[in-house]
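Architecture and fold: a report
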Amino acid sequence: MALLVSGLYPGDADPGVCVAVRLGVDPTDVVCLTVVRRALDARHRRPRTVLNCKVELGILEEAVLARKIPGVRRFTTRDEARVGGLAPAIVRRSWPASLRPIVVGAGPAGLFAALVLAEAGAEPLLLERGDPVEARRSRVARYWREGVVDPESNVLYGEGGAGTWSDGKLHTRRRDAEVGEVLARLVRCGADPSILEEARPHLGTDRLRGILQSLRNQLLAQGAQIRFRARVDGLLVDAGRCVGVRLATGEEIVRGPVVVATGHSARDAFGWLLRAGLAAEVRPMAVGVRIEHPRVLVDRALHGRHHRDLPAADYRLVCPPREARAAWSFCMCPGGLVVPVSPESGRVVLNGMSLSTRGSRWSNAALVVPVGPEDYPGSDPLAGVRFQDALEQRAWDLGGGGFRAPAQRVSDFLAGRPSRDLPRTSHPRGATPVDLHDLLPPVVAQSLAQAIRAFCKRIEGFAGPDVVLLAPESRTTSPVRFPRGPDGQAVGLPGVWPAGEGTGHAGGIVSAAIDGLRAARAIDRWVRISAP
Ligand SMILES: Cc1cc2nc3c(=O)[nH]c(=O)nc-3n(C[C@H](O)[C@H](O)[C@H](O)COP(=O)(O)OP(=O)(O)OC[C@H]3O[C@@H](n4cnc5c(N)ncnc54)[C@H](O)[C@@H]3O)c2cc1C
């Protein structure tokens with residue numbers, strides 16, 4: 001038994017004493033206190049740390065609860081799971097040899113699916129088209145330095161998936177119990193335990209790499225096999241059920257259930273999933289730009305004169321629909337960089353990343369507007385992919401090639417005139433001054449302009465002279481969804497478990513990892529209860 005005490009501002013005082021004052025008990029009555037959430041409350045002139053604590057008071061708890069003190073309630077098992085409880089391990093047992101699973105894709109969804117399956121004794125085979133993280137690092141460096149992209153191993157493909165060169169933000173709007181499990185597993189792989197209590201935990205690209213190496217070692221130690229540079233090119237079907245995969249080399253691997261966790265950018269995978277008979281539907285998404293500010297501008301606007309003593313500031317802004325559509329900020333990278341992420345030449349796709357220190361001179365965020373089938377060229381499942389692709393190719397042409405990003409000063413964008421020059425940006429391939437109205441669909445441009453004007457009232461200098469828009473932010477999520485039945489198997493082809501962001505069932509590192517955990521547990525149930 002324990003209590004959850006929320007909204008404590010201890011300042012320099014001992015949290016135990018603060019809790020005792022709030023609960024009206026003696027500090028010596030506090031048997032145990034654990035900080036379960038730590039956040040910075042920047043609404044005040046001097047931003048303050050605010051804590052939520054799990055507090056054990058022994059026999060006094062019922063009496064304290066009866067007083068109905070604001071911000072005090074019972075600490076539930078759901079709270080327990082969220083702060084890092086591991087779900088009960090699947091009992092390791094002998095797994096039928098004819099049902100050994102294949103996991104396609106070593107992003108968060110595939111890695112976490114493989115981990116749970118390995119723990120269950122299933123000896124999964126993890127197939128990844130890209131390189132292990134060490135080799136991938138040099139591919140990414142060459143891409144950003146020289147503009148030479150390896151189509152199989154790059155910012156989106158390779159061990160760790162799309163989020164490896166990222167801000168490593170781990171907060172999610174999901175409230176599932178597995179959020180804590182994912183964080184606890186990351187801590188086991190070497191992540192800083194503070195991610196369990198931070199309200200907005202993040203790792204940073206530099207930390208993610210070591211965590212991935214440790215995760216790989218855990219997988220291998222538990223009996224998983226991993227093959228890199230193994231691109232899956234098709235599914236093998238026998239008697240109406242998927243029984244394995246074909247690699248791009250022509251090699252056929254017949255094993256058992258297949259988890260497909262190929263991410264939202266593997267457009268070739270959408271093709272072979274459709275050809276294998278999986279049901280699919282077109283999905284709405286959001287597209288827009290990256291807005292980049294000098295970091296100090298955002299820090300000063302949000303943290304005030306104490307900004308130098310505080311971590312880089314982040315924001316989340318939403319502009320509801322008015323004359324145009326809604327628009328919102330997304331995936332903010334305080335103290336980060338805008339980076340090119342397209343896995344192929346001829347297209348510009350942008351995203352943001354940061355290091356654990358979030359120490360760059362810039363802060364950036366996506367500003368995006370919803371788009372859907374009414375904007376797409378057609379209504380078939382791949383219409384959204386064609387919409388993205390046309391935007392990305394136009395961006396390449398406008399940027400002048402070499403992965404240069406088309407960009408515009410915000411002031412010029414709002415005034416409707418092309419930019420003649422640009423301040424220095426963080427984008428490693430450089431930026432070309434253009435008029436982004438020549439790139440963005442009119443409704444997207446109009447909605448962004450409306451939102452930027454609204455955001456200027458929230459953040460001083462938001463559209464200041466050195467603020468730049470770079471485009472396009474076009475891969476916010478998957479434009480296709482592969483529906484699943486109640487047991488998690490794909491509609492249209494049993495034996496396949498679609499998982500993660502690419503199949504339309506997750507968005508972000510933690511939610512993709514949760515989806516992978518669930519796919520693995522669904523397979524375990526299926527093997528026990530209904531496998532042939
Ligand atoms: C630059 C950047 C920054 C981001 N920042 C954040 C952030 O800070 N926080 C956050 O929550 N999210 C962030 N995201 C989003 C996050 O990375 C994704 O939501 C998440 O990685 C999705 O996980 P996934 O496992 O579903 O797919 P992915 O991570 O895309 O993994 C799919 C894997 O499958 C492999 N694959 C694809 N096709 C095949 C094939 N045919 N055969 C074999 N392997 C294949 C790919 O190589 C890849 O490794 C960021 C994304 C990017 C690109």
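Residues numbered from 1 in each chain as written. Predicted model: local features only at pLDDT ≥ 70, side-chain atom pairs only at ≥ 80, totals over all residues. Heavy atoms only, no water.

**Focus: the overall build of the protein**
Scanning the protein for helices and strands turns up 13 helices and 23 strands. Computed over its C-alpha atoms, the radius of gyration of the protein comes to 24 Å, within 12% of the 24 Å expected for a compact globule of 532 residues. Structurally, the protein occupies a C-alpha span of about 70 × 65 × 40 Å along its principal axes. Here the protein holds 532 residues, and the buried ones make up 57% of them. (Helix = DSSP H or I, 4+ residues; strand = E, 2+ residues; numbered from the N terminus. Rg over C-alpha atoms; globule rule 2.2 N^0.38 Å. Buried < 20%, exposed > 50% of the residue type's maximum accessible area, 1.4 Å probe, protein only.)

**Points about the domain arrangement of the protein**
Per the domain assignment, the segments making up the protein are domain 1 (3–75), domain 2 (97–281 + 481–529) and domain 3 (284–473). Averaged C-alpha coordinates put domain 1 and domain 3 at centres separated by 40 Å. When the two sides are added together, the surface that domain 1 and domain 3 hide from each other amounts to roughly 410 Å², 66% of it contributed by carbon and sulfur. Among the residues forming the side of domain 1 that touches domain 3, the class breakdown is three nonpolar, no polar and two charged. (Domains from an automatic or database assignment. Buried area = accessible area lost by both parts, 1.4 Å probe. Nonpolar A, V, L, I, M, F, W, Y, C, P; charged D, E, K, R; others polar.)

**Some remarks on helix 4 (residues 108–119)**
For helix 4, with 12 residues, the first-to-last C-alpha span of 16 Å sits near the 16 Å given by 1.5 Å per residue. Of all 12 residues in helix 4, 12 are buried; the element is thus mostly enclosed. Within the sequence span of helix 4, burial applies to Pro108, Ala109, Gly110, Leu111, Phe112, Ala113, Ala114, Leu115, Val116, Leu117, Ala118 and Glu119. Tucked into the core, helix 4 has its buried residues touching strand 5 (102–104), strand 6 (125–127), helix 6 (178–188), helix 7 (205–221), strand 11 (258–260) and helix 13 (509–529). Two residues or fewer past helix 4, Gly121 is found with a positive phi of approximately 90°. (Expected span 1.5 Å × (residues − 1). Contact = heavy atoms within 4.5 Å.)

**Some points on the environment of Gly384**
Position of Gly384 relative to the elements: it lies in helix 10 (residues 383–399). Taking the C-alpha atoms as reference points, Gly384 and Pro479, 95 residues apart in sequence, are found 5.1 Å from one another. Not counting residues up to four positions away in its chain, the partners in contact with Gly384 are Val282, Met285, Tyr376 and Pro479.

**Brief notes about the pattern of salt bridges**
Here the structure, examined in full by the defined rule, presents 38 salt bridges. Note that Glu123 is salt-bridged to Arg100, the shortest N-O span being 3.7 Å. In this pair, Glu123 sits in the loop between helix 4 and strand 6 while Arg100 sits in the loop between helix 3 (77–82) and strand 5, placing the two residues 23 residues apart along the sequence. Notably, a salt bridge pairs Asp150 with Arg229, separated by 2.7 Å at the nearest N-O pair. Placement of Asp150 in the loop between helix 5 (133–146) and helix 6 and of Arg229 in the loop between strand 7 (225–227) and strand 8 (232–238) is noted, with a sequence separation of 79 residues between them. When salt bridges that share partners are traced, they join Arg267, Glu344, Arg347, Asp389, Glu392 and Arg475 into one network. (Salt bridge = Lys/Arg side-chain N within 4 Å of Asp/Glu carboxyl O.)

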